[in-house]
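What the coordinates show
Letter by letter, the chains look like this.
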There are 2 protein chains.
Amino acid sequence: MKPIRLLIADDHPLIAEGIKNTFTSNAFIEVVSVVTNGEEAIDFLKKEVVDIALLDIEMPKMNGLACAKEILANYQPVKVIMLSMYQEASLIKELIEIGVKGYMLKTIAKDELILAIQKVHGGQEYFSSDVTKALLLNKNSEKVIQFNEKSKLLELLTKREIEIIGFIAEGLTNIQIGEKLFISPRTVDSHRTNLMKKLDLHNVAGLIRFAFQNGLS
Amino acid sequence: MKPIRLLIADDHPLIAEGIKNTFTSNAFIEVVSVVTNGEEAIDFLKKEVVDIALLDIEMPKMNGLACAKEILANYQPVKVIMLSMYQEASLIKELIEIGVKGYMLKTIAKDELILAIQKVHGGQEYFSSDVTKALLLNKNSEKVIQFNEKSKLLELLTKREIEIIGFIAEGLTNIQIGEKLFISPRTVDSHRTNLMKKLDLHNVAGLIRFAFQNGLS
DNA sequence: ATCCAATTAAGGGATTTCCCCTAGTCAATT
DNA sequence: AATTGACTAGGGGAAATCCCTTAATTGGAT
């Protein structure tokens, strides 16, 4: 029986190495490459055969979600398992929709990870128990789902708007922002209004939350 | 020359194993134990001799900071190196004060980790370059310093005030908060005013930043 | 050349925040 | 018994936001 060819993508070398070492004593799993971002993962898939891609959610350049989409769209039959630091229930929904076969936290034991890889390779799905629990718990919480929607919304914003939402998050008033940018406070108000319309928010609080969640602050 | 006796504490087995495996081929460093929280680390120190404790900041039961304090107070000459997922510049100040000898991100390469352990064991300090850069950058920015001061300020706040700052951060108006808590919007306004006075802030933005930085949101 | 998005600006009014003040009740501390 | 701190509530007014509207200018794209 041929070993399962595994690609690991994680921007933390220590973690990536740790995962890799988890399989050194396992004859059924072969780690064919360890990369540190989504782009490198795609580059590798262009050249080599991989059965399963184990992707970290948070990665620079191309994150796990974008990478998973790319793989599932253009590199079938490669199967994708996501790894994350946190329970991101809202993400899981999206991941399942695009065809990800597994999602687990980095808190899992290595035995469980091996089990997950074998199940997914055998055509099954595997979501670690604490993740599925989180899914159930958060079914009715819009909080995290907003986070995702907003991330896409970020692309809707203009340079000026992003600049201004940053100042708003810093606590500056329209007048102060106007002075900083040498524009009328009424203009700042316009941008503020447009921002709220685009993001479907209705007060500073929402704007600031958005800024925080999108690293604009 | 005796190898450096290293204790690893990290709640993520995968990461902990990864770190441990980093040293298997290194004759100068011996991993004497891998534990998953601060309490277990202390328990181990009661029984065995350890040169350096490598602690994750985020851990259940007893976190890295509490654990470091305990070690540096009662288990000298054990030296402490902190590991973290993020640049927590504000924490670093406190860590240095209590006597931690090193701080590094989990993004570092294993070579740098080995170097750090050897330097600290030799009596030096080691803070990875990206961490010290973050420290310098933030030296004159009140942002992070506020974070420390505010953490202490947090204790100044009453239960009701913490409750209300949370709702403010969620974007609720005084009227909405009043409805939620069955109190007059004027009372909410009072709490808001008191909050701003206590925290020396002058608008929602500041309150929300405070809420975010202190996990009140 | 035309269109479109981005940026600029403002009128005007409703709503909310900001911030001073006083003041009552209640529970815990001294 | 007196004090203190927390929570409650409101008067009142200045300031800022919220949010609709219209509109001029500009620079890049078709």
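Scroll up to find the structure.
Since the structure is predicted, the reported quantities are computational estimates derived from the model, not experimental observations.

Some details on the protein's contact with DNA strand C
Within the structure, DNA strand C sits among 19 residues, and Thr158(A), Arg160(A), Ser184(A), Arg186(A) and Asp189(B) are positioned closest to it. If you look at DNA strand C and keep only atoms within 4 Å of the protein, 57% of those are sugar or phosphate atoms. Here a phosphate oxygen of DNA strand C sits 2.3 Å away from a polar atom, N or O, in the side chain of Arg160(A). Contacts to DNA strand C include His191(A), whose side-chain N or O atom sits 2.9 Å from a phosphate oxygen.

A word on helix α8 (residues 159-169) of chain A
Along α8(A), the residues that are buried comprise Glu161(A), Ile164(A), Ile165(A), Gly166(A), Phe167(A), Ile168(A) and Ala169(A). Looking at the buried residues of α8(A), the elements they touch are α9 (174-181), α10 (185-199) and α11 (204-213) of chain A together with α11 (204-213) of chain B. Immediately beyond the C-terminal end of α8(A), within one or two residues, lies Gly171(A), with a positive phi of roughly 100 degrees.

Examining the sheet that holds strand β4 (residues 79-84) of chain B
Residue and element names in this part refer to chain B. Taken in spatial order, the six strands of this open sheet run β2-β1-β3-β4-β5-β6, and their pairing is parallel. This sheet does not close on itself; its edge strands, each paired only once, are β2 (29-35) and β6 (126-127). Where strand β5 (residues 102-105) meets β6, two bridges bridge the pair, whose relative direction is parallel. Across the sheet, residue Gly 102 finds its bridge partner in β6, namely Tyr 126.

Section: unusual backbone geometry
For residues besides glycine, phi is generally negative; the peptide bonds are generally trans as well. One non-glycine residue, Asp200(A), lies in positive phi territory at about 55 degrees. Look at Phe182(B): it is not a glycine, yet its phi comes out positive at around 60 degrees. Take Phe182(B): it is sitting in the loop between α9 (174-181) and α10 (185-199).

Considering helix α3 (residues 64-74) of chain B
All buried positions along α3(B) are accounted for by Gly64(B), Leu65(B), Cys67(B), Ala68(B), Ile71(B) and Leu72(B). The buried residues of α3(B) all sit within an arc of 160 degrees when viewed along its axis, so they share a single face.

So, the protein's contact with DNA strand D
Neighbouring residues of DNA strand D: 19 residues in total, closest Asp189(A), Val204(A), Thr158(B), Arg160(B) and Ser184(B). The contact in question runs from a base nitrogen of DNA strand D to an N or O atom on the side chain of Asp189(A), over 2.6 Å. One of the side-chain nitrogen or oxygen atoms of Arg192(A) is found 3.0 Å away from a phosphate oxygen of DNA strand D. For the surface near DNA strand D, the residue count by class is four nonpolar, 10 polar and five charged.

Topic: the pattern of salt bridges
Working definition: two side chains of opposite charge can pair if their charged atoms are close together. One pass over the full model with this rule turns up 10 salt bridges over all chains. For Lys46(A), the salt bridge is made with Asp43(A), and the minimal N-O distance between the two is 3.9 Å. Of this pair, Lys46(A) and Asp43(A) both sit in helix α2 (residues 38-47), three residues apart, roughly one helical turn. Relative accessible area serves as the criterion here: at 58%, Lys46(A) is assigned to the exposed category. The exposure class of Asp43(A) is partly exposed, given its relative accessible area of 41%. Close ionic contact of Glu163(B) with Arg160(B) constitutes a salt bridge, the shortest N to O distance being 3.1 Å. Placement of both Glu163(B) and Arg160(B) in helix α8 (residues 159-169) is noted, with a separation of three residues, approximately one turn of the helix. On the basis of relative accessible area, Glu163(B) is assigned to the partly exposed category, the value being 35%. Exposure remark for Arg160(B): the relative accessible area of 29% places this residue in the partly exposed category. Residues joined by salt bridges that share partners form a network here, namely Arg5(A), Glu30(A) and Glu48(A).

The rules behind these values
- Counting starts from 1 at the beginning of each chain's written sequence and moves along it residue by residue.
- Chains and ligands are labelled by the order in which they are written, letters from A for the one and numbers from 1 for the other.
- A pLDDT threshold of at least 70 governs which residues receive local features in this predicted model, and a stricter bar of 80 or more applies before side-chain atom pairs are shown or counted, although totals over entire chains, interfaces and linings include all residues.
- Side-chain calculation: all heavy atoms of the structure are included, whereas hydrogens and water are not.
- Any residue with a non-hydrogen atom lying within 4 Å of a molecule or strand is treated as near it.
- Nitrogen and oxygen atoms within 3.5 Å of one another constitute a polar contact, given that in protein one can donate a hydrogen and the other can accept it, and given that sequence-neighbouring residues count only through two side-chain atoms.
- Partly exposed residues are those whose accessible area sits between 20% and 50% of the maximum for their type, while under 20% is buried and over 50% is exposed, using a 1.4 Å probe and protein chains only.
- Only DSSP runs of H or I reaching four residues or more are called helices, and only runs of E reaching two or more are called strands; each is numbered from the N terminus.
- By definition, residues are in contact when any of their heavy atoms lie within 4.5 Å.
- By definition, two strands form a pair when at least two bridges between them are found by DSSP.
- By construction, the arc corresponds to the directions joining the helix axis to the C-beta atoms.
- Polarity classes work like this: nonpolar for Ala, Val, Leu, Ile, Met, Phe, Trp, Tyr, Cys and Pro, charged for Asp, Glu, Lys and Arg, and polar for all others, with Gly in that last group.
- In the sections that follow, a salt bridge refers to a side-chain nitrogen of Lys or Arg positioned within 4 Å of a carboxyl oxygen of Asp or Glu.

Structural measurements only, silent on function.
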